[in-house]
Amino acid sequence: MDSHIEASRVGALSAGLLKGQTALVTGANSGIGKATAIGLGRAGADVVVNYVSGLEAAEEVVREITSFGVRAVAHEADVSQEAQVTAMVDRTVQDFGTLDILVANAGMQRDATFTDMTLAQWQKVLDVNLTGQFLCAREATKEFRRRGVVPEVSRAAGKIICMSSVHQVIPWAGHVNYASSKGGVQMMMQTLAQELAPEKIRVNAVAPGAIRTPINRSAWETPEAREDLLRLIPYDRIGDPEDIAHAVVLLASDLMDYVVGTTLYVDGGMTLFPGFATGG
Ligand code: NAD
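Cut-offs used in this document
- Position numbers for residues count from 1 along each chain, tracking the sequence in the order it is written.
- Given that this is a predicted model, residues contribute local features only at a pLDDT of at least 70 and side-chain atom pairs are listed and counted only at 80 or more, while totals for whole chains, interfaces and linings are drawn from all residues.
- To obtain the side-chain values, all non-hydrogen atoms of the structure were included, while hydrogens and water were left out.
- Runs of E in the DSSP output that reach at least two residues are strands. Runs of H or I that reach at least four are helices, and both are numbered from the N terminus.
- In this treatment the radius of gyration is a C-alpha quantity, and the globule benchmark scales as 2.2 Å times the residue count to the 0.38 power.
- When a residue's accessible area, from a 1.4 Å probe over protein chains only, is under 20% of the maximum for its type it is buried; when over 50% it is exposed; and in between it is partly exposed.
- Contacts: residue pairs with any heavy atoms within 4.5 Å of one another.
- Shrake-Rupley sampling with a 1.4 Å probe provides the accessible areas, and residues are treated as covered by the protein chains on show and by no other component.
- Two kinds of site are reported from a 1 Å grid over the protein atoms alone, namely cavities, where a 1.4 Å probe fits but cannot get out, and pockets, open sets with protein on both sides within 12 Å along at least five of seven lines, and residues are called lining when an atom falls within 4 Å of a point.
- Grid points are joined across faces, edges and corners, and a volume is the space filled by probe spheres set on the points.
- Classes in brief: Ala, Val, Leu, Ile, Met, Phe, Trp, Tyr, Cys and Pro nonpolar; Asp, Glu, Lys and Arg charged; the others, Gly included, polar.
- Patches in this entry comprise residues that are over 30% relatively accessible and not in a salt bridge; like charges within 9 Å are linked, as are nonpolar side chains (Val, Leu, Ile, Met, Phe, Trp, Tyr) within 5 Å.
- Should a side-chain nitrogen of Lys or Arg be within 4 Å of a carboxyl oxygen of Asp or Glu, the pair is scored as a salt bridge.
- Summary of the distance rule: residues count as near a molecule or strand when at least one heavy atom falls within 4 Å of that molecule or strand.
- Within 3.5 Å is the distance limit for a polar contact, defined as a pair of N or O atoms, with the added protein rule that one can donate a hydrogen and the other accept it, and that residues adjacent in sequence qualify only through two side-chain atoms.
- Pairing between strands is defined by DSSP: at least two bridges between the two strands are required.
- Throughout, right-handed denotes a crossover for which the path from the first strand over the helix to the second runs clockwise when the strands point away from the viewer.
- Any two rings among Phe, Tyr and Trp, with Trp reduced to its six-membered ring, count as a pair given centres within 6.5 Å; such a pair is stacked if its planes are under 30 degrees apart, edge-to-face if over 60, and tilted if neither.

A separate point is the overall build of the protein chain. For the protein chain, the helix and strand inventory stands at nine helices and seven strands. Computed over the C-alpha atoms, the radius of gyration of the protein chain is 18 Å, within 12% of the 19 Å expected from 2.2 N^0.38 for a compact globule of 280 residues. When the backbone C-alpha atoms are referred to their principal axes, the protein chain occupies close to 55 × 45 × 40 Å. The 280 residues of the protein chain split such that 51% are buried. The contacts in the protein chain between residues at least 6 apart in sequence include a share of 74% that link residues at least 24 apart. Looking at the protein chain as shown, the accessible area adds up to about 13,200 Å², and 56% of this sits on carbon and sulfur atoms.

Encoded structure:
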């Protein structure tokens, strides 16, 4: 359910925007990925709901999407495993004929202060957050290239949306693995956008600020934590997963056909250096 804009209004605004397209959303059984998969389905796309664990939650997302009259399937794969990513894209093409939209969303945190951070914590976050997006984008691009532009479906041969974070530009003490992974996502996204634009493949990113999901529960669960967090958000509210879903749906649509290599910050102004509103 959309908490800020009525679901029926969102449905009316986005109806048919992505009709006849197939989307693959990674990490789609929770938080931002779940809202995004549902948003894409509401906009008319068939959706592959990727998950790494939690089949039941993935099936619930599939049920919600199919209630819009489009198709959806749940597919288990670890985005950091090359063979699993290849199999997932192959299955998408087998089931739906092709792939038009990739939302490389799966991500995780393994926090520790710098000298306490183990190599395993560093590696795991880089593997999922950066290498996972590389693998998914590479396999999706092969299918976009094979098929090319189908003008009745979209002006682009394919759209890739990388889920980044405000931490692609805001350093984050105690989270060097996460911030480094998102800094990497920014440069990977821009480089792919430059390389693939001549083939009419649009690569962009969405950079969420603080969104209420399981990944950052400790930052919004208690009133004290919430108050601390709100000091960093000029717009004075914590974001909802639907705020990100709306941005992804628009970016994936032909309304944004000339948007290439851009990061859309969806952060209530978190990247506006709010400390300078009263200081400096
Ligand atoms: P979440 O924990 O609710 O969702 C993360 C999803 O990724 C889950 O479905 C999880 O199972 C999946 N995942 C983890 N490892 C995976 C793997 N190896 N293979 C496939 N799936 C895997 O958190 P979220 O907040 O919805 O995060 C989604 C994305 O948004 C992440 O990339 C995160 O970095 C980014 N983000 C979130 C926020 C926020 O405030 N919540 C802010 C900025 C960026």
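On we go from here.
Here the second largest pocket is characterised by a volume of approximately 210 Å³. For the second largest pocket, the full set of lining residues is Ile5, Val10, Leu13, Ser14, Leu17, Gly39, Arg42, His246, Val249, Leu250 and Leu255. Of all the secondary-structure elements, those providing two or more residues to the lining of the second largest pocket are α1 (7–14), α2 (31–42) and α9 (241–252). Considered class by class, the residues forming the lining of the second largest pocket number seven nonpolar, three polar and one charged.

On to a nonpolar patch on the surface. On the surface, Phe114, Leu119, Trp122 and Val176 cluster together to form a nonpolar patch covering roughly 430 Å² of accessible area. Structurally, leucine 119 can be placed in helix α5 (residues 119–147). In this structure leucine 119 comes out as exposed when scored by relative accessible area, which is 64%.

This part is about the site of the ligand. With respect to spatial proximity, 27 residues lie near the ligand, and among them Ser30, Ile32, Asn105, Tyr178 and Thr213 are the closest. Take tyrosine 178: an N or O atom from its side chain is 2.6 Å from an oxygen atom of the ligand. Note that an oxygen atom of the ligand is positioned 3.2 Å from one of the backbone N or O atoms of glycine 209. For the ligand, the accessible surface in isolation is 820 Å², of which the surrounding protein chains cover 92%. Mapped onto the shell around the ligand, the elements with two or more residues apiece are α2 and α6 (176–196). A per-class count over the shell around the ligand returns 13 nonpolar, 12 polar and two charged.

With respect to the element layout, serine 181 can be found in helix α6. On the basis of relative accessibility, which here comes to 0%, the residue serine 181 falls in the buried class. Discounting chain neighbours no more than four positions away, the residues touching serine 181 are Val125, Leu126, Asn129 and Leu130.

Here strand β4 (residues 101–104) shows two buried faces, one formed by Ile101 and Val103 and the other by Leu102 and Ala104. Pairing geometry for strand β1 (residues 22–25) and β4, over three bridges, is parallel. Its bridge partner being in β4, valine 25 is matched across the sheet by valine 103. Bridge count for β4 against strand β5 (residues 158–163) is four bridges, and the pairing is parallel. Paired with valine 103 across the strands is isoleucine 161, a residue of β5. The handedness of the β4 to β5 crossover, carried by α5, is right-handed.

Time to look at the packing of aromatic side chains. The description of two aromatic rings rests on the distance between their centres and on the angle between their planes. Applying the stated rule across the entire model yields two aromatic pairs. Taken together, a centroid distance of 5.6 Å and an interplanar angle of 70 degrees make the contact between tryptophan 172 and tyrosine 178 edge-to-face. For the ring pair phenylalanine 273 and phenylalanine 276, a centre distance of 6.3 Å and an interplane angle of 85 degrees mean the geometry is edge-to-face. The same class applies to phenylalanine 273 and to phenylalanine 276, which are both exposed.

Quick look at the environment of methionine 189 now. For methionine 189, the location among the structural elements is in helix α6. Those residues in contact with methionine 189 that lie beyond four places of it in its chain are Cys162, Val203, Asn204, Ala205, Gly261, Thr262 and Thr263.

On inspection of all chains with the given rule, the structure shows 15 salt bridges. Across the salt bridge formed by glutamate 82 and arginine 138, the nearest N and O atoms sit 2.7 Å from each other. Of the two residues, glutamate 82 is situated in helix α4 (residues 82–96) and arginine 138 in helix α5; the sequence distance between them amounts to 56 residues. A relative accessible area of 28% places arginine 138 in the partly exposed class. The residue glutamate 199 makes a salt bridge to arginine 145 at a minimum N-O spacing of 2.7 Å.

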